[in-house]
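Here is what each chain is made of, one letter per residue.
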Amino acid sequence: MDTEARAQIKEIVCDVLEIEPDEMTDTSRFKEDHEADSMGAIEILSQLERAFGIDIDQAELARMVNLDGVVTVVREATEARAAAA
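Below is a summary of the structure that appears in this document. Note that the structure is a prediction, hence the values are computed from the model and not measured. Along each chain, numbering runs from 1 in the same order as the chain's sequence is written. For a predicted model such as this one, the threshold for reporting local features is a pLDDT of at least 70, and the threshold for listing and counting side-chain atom pairs is 80 or more; totals across whole chains, interfaces and linings nevertheless cover every residue. Excluding hydrogens and water, the side-chain figures rest on all heavy atoms present in the structure.

**Some points on the layout of surface pockets**
To keep it simple, the criterion reads: Residues are said to line a cavity or pocket when one of their atoms sits within 4 Å of a point; the points come from a 1 Å grid over protein atoms alone, cavities being sets where a 1.4 Å probe fits but cannot get out and pockets being open sets with protein on both sides within 12 Å along at least five of seven lines. Grid points are joined across faces, edges and corners, and a volume is the space filled by probe spheres set on the points. Helix numbers and strand numbers start at the N terminus; a helix is a DSSP run of H or I with at least 4 residues, a strand a run of E with at least 2. Each residue is assigned to one class: nonpolar for Ala, Val, Leu, Ile, Met, Phe, Trp, Tyr, Cys and Pro, charged for Asp, Glu, Lys and Arg, and polar for all the others, Gly among them.
Size it by volume and the largest pocket reaches roughly 220 Å³. Lining the largest pocket are 14 residues; nearest its centre among them are Phe30, Lys31, Ala41, Met64 and Val65. Among the elements that take part in the lining of the largest pocket, helix 3 (residues 38-52) stands out by supplying four residues, more than any other. Its residues assigned to classes, the lining of the largest pocket comprises nine nonpolar, two polar and three charged.

Following this line, the structure appears as structure tokens:
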């Protein structure tokens, strides 16, 4: 995943969680470090699906606990879409 896509993912997450990008690290946990709730997680998932034209199963939310996890899930969904095309 390129740095532009990673930056876009971080922007989406920060927007939904209403935090400044410099407050988030690759491994800071959304729930514990940024007080995210389940509705925030679902909103992140929804916005990522729209932004990247992908489908993400809600079961993946368990892996989407920090920026690294979200990037991994988006990359896998993007690769799956490309493989199916």
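That was the structure; now back to the text.
**Looking at unusual backbone geometry**
Here is the rule: Only protein chains enter the accessibility calculation, which uses a 1.4 Å probe. A residue is then buried if its area is under 20% of the maximum for its type, exposed if over 50%, and partly exposed in between.
The backbone phi angle of Glu18 is positive, close to 55°, even though this residue is not glycine. Summarising the element assignment, Glu18 is placed in the loop between helix 1 (3-17) and helix 2 (30-34). In this structure Glu18 comes out as exposed when scored by relative accessible area, which is 73%. The backbone phi angle of Glu35 is positive, close to 60°, even though this residue is not glycine.

**Overview of the nonpolar core**
What counts here: In plain words, nonpolar cores are sets of buried Ala, Val, Leu, Ile, Met, Phe, Trp, Tyr and Cys residues tied together by side-chain atoms within 4.5 Å. By definition in these notes, contact holds between two residues if any of their heavy atoms fall within 4.5 Å.
Counting 24 residues, the largest nonpolar core has Ile9, Leu17, Met24, Leu48, Ile56, Met64 and Val74 as its most contacted members. Broken down by element, the residue count for this core peaks at seven residues, all from helix 1. When neighbours within four sequence positions are excluded, Met64 is seen to be in contact with Phe30, Ile44, Leu45, Leu48, Ile56, Gly69, Val70 and Val73.

**With respect to the pattern of salt bridges**
Quick note on the threshold: The term salt bridge refers to a pairing of a side-chain nitrogen on Lys or Arg with a carboxyl oxygen on Asp or Glu at a separation within 4 Å.
Following the criterion strictly, the structure yields six salt bridges and no others. Glu60 is the partner of Arg63 in a salt bridge, and the nearest nitrogen-oxygen pair spans 2.6 Å. Through salt bridges with shared partners, one network takes in Arg6, Asp26 and Asp68.

**Examining the packing of helix 1 against helix 3**
The criterion, for reference: Note on definitions: angles span 0 to 180 degrees between N-to-C directions of axes, and those axes are lines fitted to C-alpha atoms, for helices only across the stretch in contact. Crossings are sorted by hand: turned counterclockwise from the far helix by less than a right angle, the near helix makes the crossing left-handed, and turned clockwise it makes it right-handed.
Running from N to C, helix 1 and helix 3 point in directions that differ by 145°, and their axes come no closer than 9 Å. The two elements helix 1 and helix 3 meet at a crossing, and its hand is right-handed. Mapping the contact onto sequence places Ala5, Gln8, Ile9, Ile12, Val13, Asp15, Val16 and Leu17 in helix 1 and Gly40, Glu43, Ile44, Gln47, Leu48, Ala51 and Phe52 in helix 3. Taken together, the residues of the contact of helix 1 with helix 3 sort by class into ten nonpolar, three polar and two charged.

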